[in-house]
Amino acid sequence: MAHSTTPGAAARTAPSTADDTVEPSAGGGGSTRAAKPAKPSGVSRAEKKALKKAANGGTLRTRLKRDRTLILMTLPAVLLVLVFNYIPILGNVVAFQEYDPYISDNGFVAIFHSPWVGFEQFSRIFEDSAFWEAVQNTFVLFSLQLLLFFPIPIVLALLINSVIRPRVRAVSQAILYLPHFFSWVLVITVFQQIFGGAGIIAQTLRQHGYEGFDLMTDPGIFKFLVTAEGVWKDAGWGIIVFLAALASVSPDLYEASAMDGAGRWRRMWHVTLPALRPVIALLLVLRVGDALTVGFEQILLQRDAVGPGAAEVLDTFVWWNGVRNQDFSYAAAAGLIKGVVSLGLVLAANKVAHLMGEQGVYKK
Amino acid sequence: MSAVTEERPKAPGPKASGRWAAPPRPVWEEEPNKAGVASKGIVLSIACLAVLFPLWIVVVTSLSSKQDISEAGGLVVIPKGITFIAYQELLSGGQVTRATLVSLGVTLVGTVFSMTVSILSAYGLSRIGSVGHRWFLMILLATMFFGAGLIPTYLLVQSLGLTDTYLALILPSAISVFNILVLRAFFMSISPELTDSARIDGAGDWRILWQIVLPLSRAVVAVITLFYAVGYWSAWFNASIYLSDQDMMPLQNVMIQLVQKQEPPVGMGQAIKTGQLSALAVQMAVMVLALLPVAFLSPFVQKHFKKGMLTGAVKG
């Protein structure tokens, strides 16, 4: 189909080695370009346009014809995202309404006929003590996770990296990765078998004449429990990124510092940790950007056991008011607040990442 | 585990420890001190035990008879005998059998669908400078920054008439933009000479994708397939809000009822009360059913994890 002699094919493959920006600077164009050496400062705007056109492979129509297969391939994903990610963004208008689900069985028809109330839902939310409790729980959980969860994968990665027997490394990695692939339902059930009222610890205690206990229904330690579950499930998985960073450290650095008399610990402090610093910084920034998400499914599964006072976070607050109480507008407003604040946090976190010279979620 | 890490053989004995042996130590590195090696071994063993011990209890209890379980006073740590009665009862038709089949079906269909859409779009977006490339990429990327929220999504799925159909478990979360970016980054790392020469020989994009790009991307495709499959297999939330018919529920949702609400599976209450069946063994057997597929599959893909995790946005 596409022949090598057509300028389109040549131009299309040329920039694939270059970066995202399509500037007519890289070589490999048609014969028209060879005659004109690219001088970015001296050429007129029309010439620039012509150059760009030549590099892109001609007019829009020829390019469309050239790329129609690629577009066709991309469309299903774009359509899915448009329907299930973008249309719901528009659906957030219910936050400014008094949505009445009984108007029609079809939710979007009901939106068109529901009365507008402006910011009334939002002022209701800001006066709701349950909302502020959820905000507080979310922040406490986020801080706990950052403090207690975040360092563990780093320590484990350093540990595994210092074990040099390949078999020991591979086997322990396989074991530590495993829980990441378990569902939250399973993880919580496993915790129940260990720490619950009928769990193995309470059972052993009772057999030896002591009193049993049930950590799974204790609101006082619930936030620690949630953090521990997260550590059990995902701390092992978190090792991967750090191991990759450690593997990229040149052994010469270790040798040179050993020659200079640095012992084991000094080598770790002056060689290993500086190598990890950019990864740690990046992950930290990304985690802060995602601060309002503290484990929706995990907490929802345990909400009934400990009660909303200790377990309600922003996500479960939305679920409770919307799905359970059918107060859709109120819940959507709360969800919208979370979405907007999260967006701000992500953008700010990326800004910080760029300032530190790292690549965040997107390139600068 | 600890026994293996503890000591390094002073002189490499004749095939003493085979693949468990340590590679030669560089000359500049000091002799490992025993206390250090031992404490490393202990910490690593504790970490691995923390993962394995709970799973051991679950598996052993699920294989224990009613008598053994009541003798142990509940969960069994040291097995006395093995019986498959709980599994026989669960898999001989009935609620759990159906739920397992539902989960397998949704996982299979969903994963094939997600992978097809993701691979196609990753390839479609892998050629920089193609028409709409930037726009499509922006449309996908923006979803990583702003989530629409639970309520509008719920209303949309409802208005599309997807509630009480299995499509509600697949379509709303069918693709992950992160996975597409990982695939795309990998496709773009394939040397352009290969695809160019195929194009010169007259191959179109479909053929290049199928015969050149995909065979070269087996590792990353395996990892992303595992990610999607695990996602479908573990999902329970969408079923809990979009499905109302109890007969349609996947395995995870049945497990919630069984273990968290302490209800025996439909139709098995009588066998548990009077027969040889232990309610606890049944619960544990359901958990084993839920963890078996992932516990078997993930180690096979393990060696590729690094590639799948790192070719994407986060670079190590």
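Residues numbered from 1 in each chain as written. Chains lettered and ligands numbered in written order. Predicted model: local features only at pLDDT ≥ 70, side-chain atom pairs only at ≥ 80, totals over all residues. Heavy atoms only, no water.

## With respect to the overall build of chain A
Along chain A, the regular secondary structure elements total 19 helices and zero strands. Buried residues in chain A amount to 45% of all 364 residues. Contacts in chain A between residues at least 24 apart in sequence constitute 62% of all its contacts with a sequence separation of at least 6. Carbon together with sulfur atoms contributes 64% to the accessible area of chain A, which is approximately 17900 Å² in total. (Helix = DSSP H or I, 4+ residues; strand = E, 2+ residues; numbered from the N terminus. Buried < 20%, exposed > 50% of the residue type's maximum accessible area, 1.4 Å probe, protein only. Contact = heavy atoms within 4.5 Å. Areas by Shrake-Rupley, 256 points an atom, 1.4 Å probe, with all protein chains shown as cover.)

## Quick word on the overall build of chain B
Counting secondary structure elements, chain B contains 17 helices and zero strands. A burial count over chain B gives 50% of its 316 residues as buried. At a minimum sequence separation of 6, the contacts of chain B that also span at least 24 residues come to 73%. Of the accessible surface of chain B, which amounts to about 14700 Å², a share of 66% is contributed by carbon and sulfur atoms.

## Thoughts on the nonpolar core
Side chains that are nonpolar tend, in soluble globular proteins, to be buried together. By size, the foremost hydrophobic cluster in this structure holds 181 residues, and its most contacted members are F182(A) and F305(B). Per-element tally for this core: the top contributor is helix 16 (residues 279-301) of chain B, with 12 residues. Grouped together as the second largest cluster of nonpolar side chains are five residues, Y254(A), A258(A), V271(A) and W28(B) included. (Core = buried A, V, L, I, M, F, W, Y, C linked by side-chain atoms within 4.5 Å.)

## So, the packing of aromatic side chains
Residues and elements named next belong to chain A. Applying the stated rule across the entire model yields 24 aromatic pairs over all chains. A ring pair is formed by Y99 and F328, whose centres lie 5.4 Å apart and whose planes are at 85 degrees; its orientation type is edge-to-face. Separated by 229 residues along the polypeptide, Y99 in the loop between helix 4 (60-91) and helix 5 (107-113) and F328 in helix 19 (residues 328-355) bring together distant segments of the chain. Comparing Y99 with F328, the two get one shared label, buried. (Phe/Tyr/Trp six-rings, centres within 6.5 Å; stacked < 30°, edge-to-face > 60°.)

## Concerning the pattern of salt bridges
Under the counting rule described, the total for this entry stands at eight salt bridges over all chains. For D67(A), the salt bridge goes to R66(A), with nearest N and O atoms at 2.9 Å. The pair formed by D67(A) and R66(A) is uniform in burial state, with each residue classed as buried. The shortest N-O distance in the salt bridge between R127(B) and D205(B) comes to 3.2 Å. Residue R127(B) is found in the loop between helix 5 (95-124) and helix 6 (133-142), and its partner D205(B) is found in helix 11 (residues 205-216); the two are separated by 78 residues along the sequence. What makes D205(B) buried here is its relative accessible area of 6%. (Salt bridge = Lys/Arg side-chain N within 4 Å of Asp/Glu carboxyl O.)

## Some remarks on the interface of chain A and chain B
Accessible area lost on assembly of the parts is the figure often given for the size of an interface. Contact residues are listed per partner, giving 124 residues for chain A and 111 residues for chain B. Note on chain A versus chain B: buried area summed over both sides is about 10200 Å², and carbon and sulfur give 74% of it. Of all residues in chain A, M73(A), R165(A) and F181(A) give up the largest surface area on contact with chain B, accounting jointly for 8% of the area buried on that side. Taken together, the connections running from chain A to chain B amount to zero salt bridges. Summed over the shared surface of chain A and chain B, the result is 10 residue pairs in polar contact (both at pLDDT 80 or more). The biggest single contributor to the side of chain A that touches chain B is helix 4 of chain A, with 26 residues. Grouping the amino acids of the side of chain A that touches chain B by side-chain chemistry returns 84 nonpolar, 27 polar and 13 charged. (Buried area = accessible area lost by both parts, 1.4 Å probe. Polar contact = N/O pair within 3.5 Å; in protein donor to acceptor, adjacent residues only side chain to side chain. Nonpolar A, V, L, I, M, F, W, Y, C, P; charged D, E, K, R; others polar.)

## Observations regarding the side chain of S172(A)
Structurally, S172(A) can be placed in helix 9 (residues 166-177). Accessibility expressed as a relative area gives 0% for S172(A), which makes it buried.

## Points about helix 13 (residues 239-247) of chain A
In terms of residue burial, helix 13 of chain A counts as a mostly covered element, since eight of its nine residues are buried. Within the sequence span of helix 13 of chain A, burial applies to I239(A), I240(A), V241(A), F242(A), L243(A), A244(A), A245(A) and L246(A).

## A closer look at the packing of helix 13 of chain A against helix 15 (residues 264-289) of chain A
Residue and element names in this part refer to chain A. Following both chains from N to C, one finds helix 13 and helix 15 inclined at 145 degrees, their axes separated by 9 Å at the closest point. In this structure, helix 13 meets helix 15 at a crossing whose hand is right-handed. Packed against helix 13, whose contacting residues are V241, F242, A245 and L246, the element helix 15 presents T272, L276, V279, I280 and L283 at the interface. Along the lines of polarity and charge, the residues of the contact of helix 13 with helix 15 split into eight nonpolar, one polar and no charged. (Axes fitted to C-alpha atoms, helices over the stretch in contact; angles between N-to-C directions. Left-handed = near helix turned anticlockwise from the far one by under 90°.)

## Things to note about helix 2 (residues 34-62) of chain B
Along an α-helix, a turn takes 3.6 residues, which lines up residues three or four apart on a common side. With 29 residues, helix 2 of chain B ought to run about 42 Å at 1.5 Å a step, and its terminal C-alpha atoms sit 40 Å apart, in line with that. At L49(B), helix 2 of chain B shows its largest kink, close to 30 degrees. (Expected span 1.5 Å × (residues − 1). Bend = angle between axes of the 7 residues up to and from the residue.)

## Description of the confidence of the model for chain A
Scored by pLDDT, chain A comes out at a mean of 82, with 82% of its residues at no less than 70. Contacts of residues 1-40 of chain A to residues separated by more than four positions or lying in other chains number 51 contacts, the stretch itself having pLDDT below 50. (pLDDT = per-residue confidence, 0-100.)

## Let's talk about unusual backbone geometry
Look at Q326(A): it is not a glycine, yet its phi comes out positive at around 60 degrees. For Q326(A), the location among the structural elements is in the loop between helix 18 (314-324) and helix 19. Residue class for Q326(A) comes out partly exposed when judged on its relative accessible area of 34%. For D164(B), which is not glycine, the phi torsion reads 65 degrees and is therefore positive. Looking at the element boundaries, D164(B) is found in the loop between helix 7 (150-159) and helix 8 (167-170).

## A short note on the environment of N350(A)
By the element assignment, N350(A) lies in helix 19. Taking the C-alpha atoms as reference points, N350(A) and V190(A), separated by 160 residues in sequence, lie 37 Å from one another.

## Notes on a nonpolar patch on the surface
A cluster of nonpolar residues, L147(A), L148(A) and F224(A), forms a patch on the protein surface that exposes about 330 Å² of accessible area. Topologically, L147(A) is positioned in helix 7 (residues 129-149). (Patch = residues over 30% accessible without salt bridge, like charges linked within 9 Å, V, L, I, M, F, W, Y side chains within 5 Å.)

## Re the confidence of the model for chain B
Residue and element names in this part refer to chain B. Counting all residues, the mean pLDDT for chain B is 85, and 89% of those residues have values of 70 or more. Below pLDDT 50 for its whole length, residues 1-16 participates in 22 contacts with residues either more than four positions away or in separate chains. The low-confidence segment residues 312-316 (pLDDT under 50) makes 12 contacts with residues lying over four places distant or belonging to another chain. Model confidence for the complex: the whole-complex pTM is 0.85, and ipTM, which rates the interface, is 0.87.

## Observations regarding the side chain of K233(A)
Residue and element names in this part refer to chain A. Tracing the backbone shows K233 in helix 12 (residues 222-234). At 3.3 Å, the side chain of K233 forms a polar contact with the backbone oxygen of F182. Not counting residues up to four positions away in its chain, the partners in contact with K233 are P179, H180, F182, S183, W184 and V187.

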